[in-house]
Amino acid sequence: MTDSKYFTTTKKGEIFELKAELNSDKKEKKKEAVKKVIASMTVGKDVSALFPDVVNCMQTDNLELKKLVYLYLMNYAKSQPDMAIMAVNTFVKDCEDPNPLIRALAVRTMGCIRVDKITEYLCEPLRKCLKDEDPYVRKTAAVCVAKLHDINAQLVEDQGFLDTLKDLISDSNPMVVANAVAALSEIAESHPSSNLLDLNPQSINKLLTALNECTEWGQIFILDCLANYMPKDDREAQSICERVTPRLSHANSAVVLSAVKVLMKFMEMLSKDLDYYGTLLKKLAPPLVTLLSAEPELQYVALRNINLIVQKRPEILKHEMKVFFVKYNDPIYVKLEKLDIMIRLASQANIAQVLAELKEYATEVDVDFVRKAVRAIGRCAIKVEQSAERCVSTLLDLIQTKVNYVVQEAIVVIKDIFRKYPNKYESVIATLCENLDSLDEPEARAAMIWIVGEYAERIDNADELLESFLEGFHDESTQVQLQLLTAIVKLFLKKPTETQELVQQVLSLATQDSDNPDLRDRGYIYWRLLSTDPVAAKEVVLAEKPLISEETDLIEPTLLDELICYIGTLASVYHKPPSAFVEGSRGVVHKSLPPRTGSSESAESPEAAPSAGQAAEQPAVIPAQGDLLGDLLNLDLGPPVSGPPLAASSVQMGAVDLLGGGLDSLMGGGGGFAAPGPAVPASMGAPLGSGLGDLFDLTGGVGTLSGSYVAPKSVWLPAMKAKGLEISGTFSRQVGSISMDLVLTNKALQVMSDFAIQFNRNSFGLAPAAPLQVHAPLAPNQSVEISLPLNTVGSVMKMDPLNNLQVAVKNNIDVFYFSTLYPLHILFVEDGKMERQMFLATWKDIPNENEAQFQIKDCSLSADAVSSKLQGSNIFTIAKRNVEGQDMLYQSLKLTNGIWVLAELRIQPSNPTFTLSLKCRAPEVSQHVYQAYDTILKN
């Protein structure tokens, strides 16, 4: 009979009956009763009242009954910790049972009971089991150490379990080795700074020996551990690769991917001239191909990993194009991934095959897939020059189908083909213009407008075509509006006589009727250029465009190297490093590939590597110095300029004053323009060369290093709550180091000594950097002042409020607890001054919903005094400007955990209320940053 009968009883008085059955003398009856209890527990009934009765059933030789009781214990020990202690003796006894299965079961259950009171009783049994003669017990005990470390890390370290685990790596049984490696890796992940897995050639040899004999999950643990090892030279790397290669033929796909990860990592150290390098490349292809015959979900994971591998080493799969051809019954997510890899592998040798395949895909029914296929044809044209002509004719055939979404995608990619091969395929423009009316997607409309503007001299009715778009200008998306503005200005520069009205119309729509700042700014720049110096305008707007590169969606090289180290994990599916999606990932260590053999940045030049890393970390959104967007963003940061505007003829293109001299020259402008009324504050008129350099270099007014503001001490722990010990204190930050300044006062009648302090986990990882030093015992009515240095490398847990700190202080009398709020400005670091270009880009990049506004009342300081005062607390002024009589300060600060906060502070000379706008990727910080501003400015 099955066990389902245990789930069907719902009688009243059931607990009472079960109690009686559990205390029965008959073994069978007891077992039946425990099964009923477990069944009730499984369906969510509360049977914790039976705890003592169930625990009594532990004293049995029946393994099945013991397992059931242990299952019950694991579930209820947390809610009944005092009761759970009753079971400790049985655990201790079971850990010495002659049956190894029972010993292992006892130690496994002990690790699952997360009750602090019990953990110290587990140390002795666990120590015995780690040295047990039976490997099954040892392997279970190894995992138990990792569980215990999660509950109480200090205890595990004090008891010396970590050293025992390290010894188990040399165990004779492969499963014990695998579990020891797994436990140490788990512990090392939560403590990245500790060097637990201290790998050397001898221990690596033992791991490789164990690799052949342990279970598949054991192999994965060992392979992941090997991937973190750095061989001392290419010979060692080759010998490890030779011993790992057989794992590629394993049936479990996770083992295969872990082996691929190790090989991809160590191949970096092998010279490409070695015969073995070529052999390894050949051996890597078949296992990857085999992964593609699994079910769709596994295929997808394999394809995401293959995508990374192909970007790093395309030669591995260059002859395997056919396996990436799409099958009719593939799910869409597999199809799109395969398509991506096909383009990455496309080359002159296989392009004919690929194009035939892509043309087939473009007639499918799935719209998303068809769009991607049409884009893929364009990408092939850009990647393989010899195929461009064939690709263009394929795209034209697709346009003839008149299927709306196919036509739109084709136009978008043809625009890119024109950019890559200028003056080659412009004969197709007539065909494109025929399809103008059917375009309704912003990207396709923008592409078509670009083509018309770029080749206006070849299109007779270009002005009519662009005018047709202008009729619904305000209903278009920003992308189309910007493109239309540029295209009409290009048209005007090519055919000035016929299109003067058209260009005036678009400039006035962009500058007067639009509320989009990007569009307005671009409109003003064009207007100024055209009215000041049409020759210069021609050089700017009709400049030679750089050719576009073939692979625009490649992963940035340093990120790719990091992701290769995470093959076979979630990071390789997301194509993001773990720090981007793992919460609380301060502990995540950034991995990187070993330096290439024979490359310039070998081990002799340690400086080479970090600088490369720093360059890569610069966010890509920041415009380059000479970039128009960068200049545009900087334009309005200067003071008003008095004096005559520059004469048009003397303007050199290099230092052209884009909006020089207010709007006067624009209004009286040459070139037959009549400008609209002033729509931009006069302060936009700073010549680029004039005050920007010194404006941002604020050293004139600021630069005194006075240390950050320190609040007066307040009482944190009153004497009445701490048996006569009174603690008052404050926090300070001086030249990069944080300290907690304490005054301990003894108001009791006895001497106090043996002081110690500990912090609970907190939002920023604040922790004492040294023990609490009270050199002499504290006599009654005596006080002592102590400065306790702090660091921010402690455990992190988000607190409410964010700046809450819970502290425990111990002395010879007792342990006392209190909590206090620390001011956030002690966490503002000294390198918080952001580069101005970076500031502008970051401000734009942070979403608007992350912006918070605050009022700082009753503050009568001038802008310079504010700037100077805030700099003392590491809030740095990047720029200052005056708009309509009010001073605007742009400021940045950085917290110890790397979070940047950007600020705009508005100060009106006669108004004591300042307005503070804060932008930050972690908006919960803003309120506390505002409080810091308020405190610093008012003290």
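So, how was this worked out
- Residues numbered from 1 in each chain as written.
- Predicted model: local features only at pLDDT ≥ 70, side-chain atom pairs only at ≥ 80, totals over all residues.
- Heavy atoms only, no water.
- UniProt positions renumbered as here; feature names shortened; annotations may be inferred.
- pLDDT = per-residue confidence, 0-100.
- Contact = heavy atoms within 4.5 Å.
- Disulfide = S-S within 2.5 Å.
- Helix = DSSP H or I, 4+ residues; strand = E, 2+ residues; numbered from the N terminus.
- Buried < 20%, exposed > 50% of the residue type's maximum accessible area, 1.4 Å probe, protein only.
- Phe/Tyr/Trp six-rings, centres within 6.5 Å; stacked < 30°, edge-to-face > 60°.
- Lys NZ or Arg CZ within 6 Å of the ring centre and 35° of its normal.
- Axes fitted to C-alpha atoms, helices over the stretch in contact; angles between N-to-C directions.
- Parallel < 35°, antiparallel > 145°, perpendicular 65-115°, else oblique.
- Left-handed = near helix turned anticlockwise from the far one by under 90°.
- Nonpolar A, V, L, I, M, F, W, Y, C, P; charged D, E, K, R; others polar.
- Salt bridge = Lys/Arg side-chain N within 4 Å of Asp/Glu carboxyl O.
- Core = buried A, V, L, I, M, F, W, Y, C linked by side-chain atoms within 4.5 Å.
- Pairing = 2+ DSSP bridges.
- Arc of directions from axis to C-beta.
- Polar contact = N/O pair within 3.5 Å; in protein donor to acceptor, adjacent residues only side chain to side chain.

The protein chain carries the name AP complex subunit beta in an unreviewed UniProt entry, which gives Anser brachyrhynchus as its organism. For the record of the protein chain, the UniProt heading Sequence similarities (unreviewed entry) holds the text "Belongs to the adaptor complexes large subunit family." Under the heading Subcellular location (unreviewed entry), UniProt records this for the protein chain: "Endomembrane system".

**Q** What am I meant to see in the confidence of the model for the protein chain here?
**A** Should the pLDDT be low somewhere, the predicted coordinates at that spot are not to be read in detail. Within the protein chain, residue pLDDT values average 80, and 85% of them lie at 70 or more. For the stretch residues 598–705, pLDDT sits under 50, and the model shows 137 contacts to residues farther than four places along the chain or on other chains.

**Q** Would you take a moment to explain the state of the cysteines for this structure?
**A** Simply put, the disulfide is a covalent bond whose two ends are the sulfur atoms of two cysteines. Considering all chains together, one arrives at zero disulfides under this definition. This cysteine, Cys-112, is not joined by any disulfide, and Cys-144 carries the nearest cysteine sulfur, 7.8 Å off.

**Q** Sorry, what's going on with the side chain of His-575 here?
**A** Along the chain, the position of His-575 falls in the loop between helix 32 (570–574) and helix 33 (608–617). Residue His-575 is classed as buried on the basis of its relative accessible area, which comes to 14%.

**Q** Is there a simple way to explain the environment of Ala-769 in this structure?
**A** The residue Ala-769 is located in the loop between strand 5 (767–768) and strand 6 (783–791) in this model. On the basis of relative accessible area, Ala-769 is assigned to the partly exposed category, the value being 44%. It is 4.7 Å that separates the C-alpha atoms of Ala-769 and Leu-790, two residues lying 21 residues apart in sequence.

**Q** Teacher, can you tell me more about the packing of aromatic side chains here?
**A** Geometry of an aromatic ring pair is reported as the spacing of the ring centres plus the angle between the planes. Under the definition given, this model contains eleven aromatic pairs. With centroids separated by 4.8 Å and ring planes inclined at 85°, the aromatic side chains of Tyr-574 and Phe-581 adopt a geometry described as edge-to-face. With a relative accessible area of 29%, Phe-581 lands in the partly exposed category. A ring pair is formed by Phe-854 and Tyr-930, whose centres lie 4.6 Å apart and whose planes are at 5°; its orientation type is stacked. Taken as a pair, Phe-854 in strand 9 (residues 851–856) and Tyr-930 in helix 39 (residues 926–938) lie far apart in primary sequence, 76 residues in all. Accessibility classification places Phe-854 together with Tyr-930 in one group, the buried group. By way of ring pairs, the aromatic residues Trp-716, Phe-731, Phe-818 and Tyr-822 are connected into one cluster. Stacked on the ring of Phe-369, the Lys or Arg Lys-335 has its end atom at 5.2 Å from the ring centre.

**Q** In this structure, what is going on with the packing of helix 28 (residues 500–511) against helix 29 (residues 517–532)? I would like to understand it.
**A** The description of two helices packed together rests on the angle between their axes and the distance between the axes. As a packed pair, helix 28 and helix 29 sit with axes 8 Å apart at the nearest point and diverge in direction by 140°. Considered as vectors, helix 28 and helix 29 are oriented oblique to each other. Our pair here, helix 28 against helix 29, has a crossing hand that is left-handed. Across from Val-503, Leu-507, Ser-508, Ala-510 and Thr-511 in helix 28, the residues of helix 29 making contact are Leu-519, Arg-520, Gly-523, Tyr-524, Tyr-526, Trp-527 and Leu-530. Partitioning the contact of helix 28 with helix 29 into residue classes produces eight nonpolar, three polar and one charged.

**Q** What's the story with the pattern of salt bridges in this structure? I'm lost.
**A** Side chains that differ in charge, positive against negative, can pair when their charged atoms come close. Within the structure shown, the criterion is met by 37 salt bridges. The closest approach of N and O atoms between Glu-236 and Lys-232, which form a salt bridge, is 3.7 Å. Residue class for Lys-232 comes out exposed when judged on its relative accessible area of 64%. Ionic pairing is found between Arg-921 and Asp-845, a salt bridge with its closest N-O pair at 2.9 Å. Here the residue Arg-921 occupies a position in the loop between strand 13 (914–920) and helix 39, and Asp-845 occupies one in helix 37 (residues 836–845), the gap between them amounting to 76 residues.

**Q** What am I meant to see in the nonpolar core here?
**A** Judged by nonpolar contacts, the single largest core of 215 residues is most densely connected at Tyr-72, Val-244 and Phe-418. When neighbours within four sequence positions are excluded, Phe-418 is seen to be in contact with Tyr-425, Glu-426, Val-428, Ile-429, Leu-432, Trp-450, Ile-451 and Tyr-455. In terms of nonpolar packing, the next biggest core, distinct from the first, is built from 62 residues, Leu-744, Phe-755, Val-809 and Leu-827 among them.

**Q** Honestly, helix 17 (residues 275–291) in this entry has me stumped. Any pointers?
**A** Looking only at helix 17, the buried set comprises Tyr-276, Tyr-277, Leu-280, Leu-281, Leu-284, Ala-285, Pro-287, Leu-288 and Leu-291. The secondary structure elements touched by the buried residues of helix 17 are helix 15 (234–244), helix 16 (253–267) and helix 18 (296–312).

**Q** How should the sheet that holds strand 3 (residues 737–746) be read in this particular structure?
**A** Within a sheet, each strand pairs with its neighbour through backbone hydrogen bonds, oriented either parallel or antiparallel. If you walk across this open sheet you meet the five strands as 1-2-3-6-5, and the pairing is antiparallel. Because the sheet does not close on itself, it has two edges, and the strands there are strand 1 (714–717) and strand 5. Sheet analysis places strand 3 next to strand 6, joined by eight bridges and oriented antiparallel. Within the sheet, the bridge partner assigned to Leu-742 lies in strand 6 and is Ile-786.

**Q** Sorry if this is basic, but what is going on with the sheet that holds strand 4 (residues 756–759) here?
**A** Overall, antiparallel pairing links the three strands, which are arranged 4-7-8 in an open sheet. If you trace the sheet from one side to the other, it starts and ends with strand 4 and strand 8 (815–821), each paired once. In this sheet, adjacent strand axes meet at a mean angle of 25° when their direction is disregarded. As judged from the four bridges shared by strand 4 and strand 7 (residues 804–810), these two strands associate in the antiparallel manner. Residue pairing for strand 7: Ala-756 is matched across the bridge by Lys-810.

**Q** Whenever I open this one, the pairing of strand 8 confuses me. Can you help?
**A** Residues in a regular strand point their side chains to alternate faces of the sheet. Going residue by residue along strand 8, you find Phe-816, Phe-818 and Thr-820 tucked away on one face and Val-815, Tyr-817, Ser-819 and Leu-821 left uncovered on the opposite face. Both strand 7 and strand 8 contribute to a ladder of seven bridges, which runs antiparallel. Residue pairing across strands places Val-807 opposite Phe-818, the latter belonging to strand 8. Taking the residues that link successive antiparallel strands as the turn, the strand 7-strand 8 hairpin has four residues.

**Q** How should helix 26 (residues 462–470) be read in this particular structure?
**A** Helical periodicity: at 3.6 residues per turn, an α-helix aligns residues three or four positions apart in one direction. Of all the positions in helix 26, only Ala-462, Leu-465, Leu-466, Phe-469 and Leu-470 are classed as buried. Seen along its axis, helix 26 keeps its buried residues to an arc of 145°; they face one direction.

**Q** Explanation requested: the pairing of strand 6 in the structure shown.
**A** Sheet analysis places strand 5 next to strand 6, joined by two bridges and oriented antiparallel. Within strand 6, the position partnered with Pro-768 by the bridge is Leu-790.

**Q** Which parts of the structure should I look at to understand the side chain of Glu-904?
**A** Among the secondary structure elements, Glu-904 is positioned in strand 12 (residues 900–907). Assessed through its relative accessible area of 12%, Glu-904 is described here as buried. Engagement of the side chain of Glu-904 in a polar contact is seen with the side chain of Tyr-890, the distance being 3.5 Å. Once you skip the residues sitting within four places of it in the chain, Glu-904 turns out to touch Trp-843, Met-888, Leu-889, Tyr-890, Thr-915, Leu-916 and Ser-917.

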